[in-house]
Amino acid sequence: KAKESGKNQYAFYTDEMGEERIRRIILEHDLRRAIENEQLFILYQPKFNIKTSSIVGVEALTRWQHPTYGYVSPMEFITMAEETNYIMELTEWTLEKAFVQATEWSRMGISLPIAINLSIKFIENKNVKGIFEDMLSKYKLDPSYLEVEITETVMYSNMEQIIQQMNQLRQLGIRVSMDDFGTGYSSISLLNTLPLDTIKLDKTFIDNIDDKNKQVIIGGILSMAEQLNLSVVTEGIETKDEEEILTCLGGYLVQGYYYSKPKNAAGVLKMIREQKGVHL
Ligand code: C2E
Ligand code: MG
Ligand code: MG
Ligand code: MG
């Protein structure tokens, strides 16, 4: 098609590159105002225990509704926020929202831990223990209502300091998960290095789960985790078939579109009350 348009192809490509660049500049600029402009909100995606047929927690996932570009994925804006350091403000905002929500649910007698995704950049630059301590006393909330998820990129950073911060969080009673487990280069060695309660097996293990080799690896991770006293939540389950294979391999903590997409707080509450739409 580019050939057909002859000379115009240059104009075409330049325009397109320009548009991408402009989008990035505008989004980076606007992200700094996203909180005060009330464009951010949080959805909660449930995690389930297949054995007990119950919701065992939710993960807070931040969303950005931009006035002209519409929905912007966290895949795009979290990276941006990390590059521009806006992740500090964004994370504290998310934390506050999660604490407010956890408090509301706890008052309703619903004990549903909310997991917050923490960027390594945030952990490296902030006194995480201090922040959680302040929040816990401000909201007078039991630490079992909160959890944190940390991604595997920790390998590339200051390990000592991250380990210390994770230990301090766990001493406060906050459970710590390793997110996207299996996507990094040194997954297994991290199990021996990091103080963890849970690993979240990445969706890539579930994709093509028909593959026998993949099943062997998943089974191995599950039994290894069990002996290390780690829970395993398997991410990204979309079909009944995937669930069947996982349960055959011994997995029973799950999160995925098959059970529930991320929902607003009211949607989660409805789901808890009905325990329907839960294919269990
Ligand atoms: P994550 O923490 O691994 O979150 C899981 C992502 O997979 C979410 O995408 C979720 O909607 C999606 N997902 C869940 N089940 C399924 C499924 O069955 N199929 C498919 N295709 N996808 C599924 P989301 O919400 O777009 O978030 C993407 C990533 O952005 C997250 O990955 C997390 O690393 C990051 N993120 C989101 N919110 C925050 C935040 O507040 N702070 C930080 N630091 N990172 C965040
Ligand atoms: Mg996560
Ligand atoms: Mg994850
Ligand atoms: Mg993932």
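Parameters at a glance
Each chain carries its own residue numbering, running from 1 in the written order of its sequence. Just so you know, chain letters begin at A and ligand numbers begin at 1, following the order they were written in. Predicted model: local features are reported for residues with pLDDT of at least 70 only, side-chain atom pairs are reported and counted for 80 or more only, and whole-chain, interface and lining totals are derived from all residues. For the side-chain quantities, the full set of heavy atoms in the structure was used; hydrogens and water were omitted. In this analysis, rings of Phe, Tyr and Trp, with Trp reduced to its six-membered ring, are considered paired at centre separations within 6.5 Å, and the interplanar angle assigns stacked below 30 degrees, edge-to-face beyond 60, and tilted for intermediate values. Secondary structure elements follow DSSP: runs of H or I of four or more residues count as helices, runs of E of two or more count as strands, with numbering from the N terminus. Only protein chains enter the accessibility calculation, which uses a 1.4 Å probe. A residue is then buried if its area is under 20% of the maximum for its type, exposed if over 50%, and partly exposed in between. Within this scheme, the nonpolar core is defined by two criteria: the residues are buried Ala, Val, Leu, Ile, Met, Phe, Trp, Tyr or Cys, and they are joined through side-chain atoms within 4.5 Å. Whether two residues are in contact is decided by their heavy atoms, any of which lying within 4.5 Å being enough. Only heavy atoms are used to decide nearness, and a residue is near a molecule or strand if one of them lies within 4 Å of it. Pairing of N or O atoms within 3.5 Å defines a polar contact, subject to two protein rules: one partner must be a possible hydrogen donor and the other a possible acceptor, and residues neighboring in sequence count only if both atoms are side-chain atoms. For the area figures, the Shrake-Rupley method with a 1.4 Å probe applies, and any residue is considered shielded solely by the protein chains shown. In this analysis the probe radius is 1.4 Å and the grid spacing 1 Å, with only protein atoms considered; a cavity is a set of points the probe fits into but cannot get out of, a pocket is an open set with protein on both sides within 12 Å along at least five of seven lines, and lining residues have an atom within 4 Å of a point. A molecule is counted as occupying a cavity or pocket when more than half of its atoms fall within 2 Å of that pocket's grid points. Here the coordinating atoms are restricted to nitrogen, oxygen and sulfur within 2.8 Å of the metal centre, or 3.2 Å for Na, K and Ca, and because water is not among them the sites may look incomplete. One speaks of a salt bridge when a side-chain nitrogen belonging to Lys or Arg is within 4 Å of a carboxyl oxygen belonging to Asp or Glu.

Where an unreviewed UniProt entry is consulted, the protein chain appears under the name EAL domain-containing protein, with the organism given as Gracilibacillus thailandensis.

## Things to note about the packing of aromatic side chains
Scanning the model with the defined rule gives 6 aromatic pairs in all. Consider the rings of Trp64 and Phe77, whose centres lie 5.9 Å apart with planes at 85°: the pair is edge-to-face. Placement of Trp64 in strand β2 (residues 54-66) and of Phe77 in helix α2 (residues 74-84) is noted, with a sequence separation of 13 residues between them. The class for Trp64 is buried, based on a relative accessible area of 0%. The interplanar angle of 70° and the centroid separation of 5.0 Å between the aromatic rings of Tyr258 and Tyr259 together place this pair among those described as edge-to-face. Tyr258 gets classed as buried once you look at its relative accessible area, which sits at 14%.

## A look at the nonpolar core
By size, the foremost hydrophobic cluster in this structure holds 81 residues, and its most contacted members are Trp105, Phe132 and Ile199. For this core, the element with the highest residue contribution is helix α3 (residues 87-107), accounting for 9 residues. In this structure Phe132 touches Leu95, Phe99, Leu118, Val148, Leu169, Leu172 and Ile174, once residues within four positions along its chain are discounted.

## Some details on the site of ligand 1
Around ligand 1, the surrounding shell holds 21 residues, and the nearest of these are Thr62, Arg63, Asp179, Glu238 and Tyr257. Within the side chain of Glu59, a nitrogen or oxygen atom sits 2.9 Å from an oxygen atom of ligand 1. Contact between ligand 1 and Glu235: an oxygen atom at 3.3 Å from a side-chain N or O atom of the residue. Bound to the protein, ligand 1 loses 84% of the 800 Å² it would expose on its own. Using a 2 Å cut-off from the grid points, one finds that ligand 1 occupies the largest pocket. The set of elements that each furnish at least two residues to the shell around ligand 1 consists of β2, α2 and β6 (175-181).

## Comments concerning the coordination of the magnesium ion (ligand 4)
The magnesium ion (ligand 4) binds to the protein through Asp180 (OD) and Glu235 (OE), with metal-donor distances spanning 2.0 to 2.7 Å. Separating the magnesium ion (ligand 4) from the magnesium ion (ligand 3) is a gap of 3.2 Å, bridged by Glu235, which donates to each. Residue Asp180 is found in strand β6, and its partner Glu235 is found in strand β8 (residues 231-235); the two are separated by 55 residues along the sequence. Residue class for Asp180 comes out partly exposed when judged on its relative accessible area of 24%. Taking the relative accessible area as the measure of exposure, Glu235 reaches 11% and is therefore buried.

## A short note on the pattern of salt bridges
Counted by the stated rule, this structure contains 18 salt bridges. Put simply, Lys47 and Glu147 hold a salt bridge, and the shortest N to O gap is 3.7 Å. Here the residue Lys47 occupies a position in strand β1 (residues 40-49), and Glu147 occupies one in strand β5 (residues 146-151), the gap between them amounting to 100 residues. Judged by relative accessible area, which is 13%, Glu147 ranks as buried. Note that Glu59 is salt-bridged to Lys200, the shortest N-O span being 2.9 Å. Taken together, the residues span a long stretch of sequence, with Glu59 in strand β2 and Lys200 in strand β7 (residues 198-201) at a distance of 141 residues. For the pair formed by Glu59 and Lys200, the shared burial category is buried. What you see here is one network of salt bridges that share partners, running through Lys47, Glu59, Glu147, Glu149, Arg175, Lys200 and Glu235.

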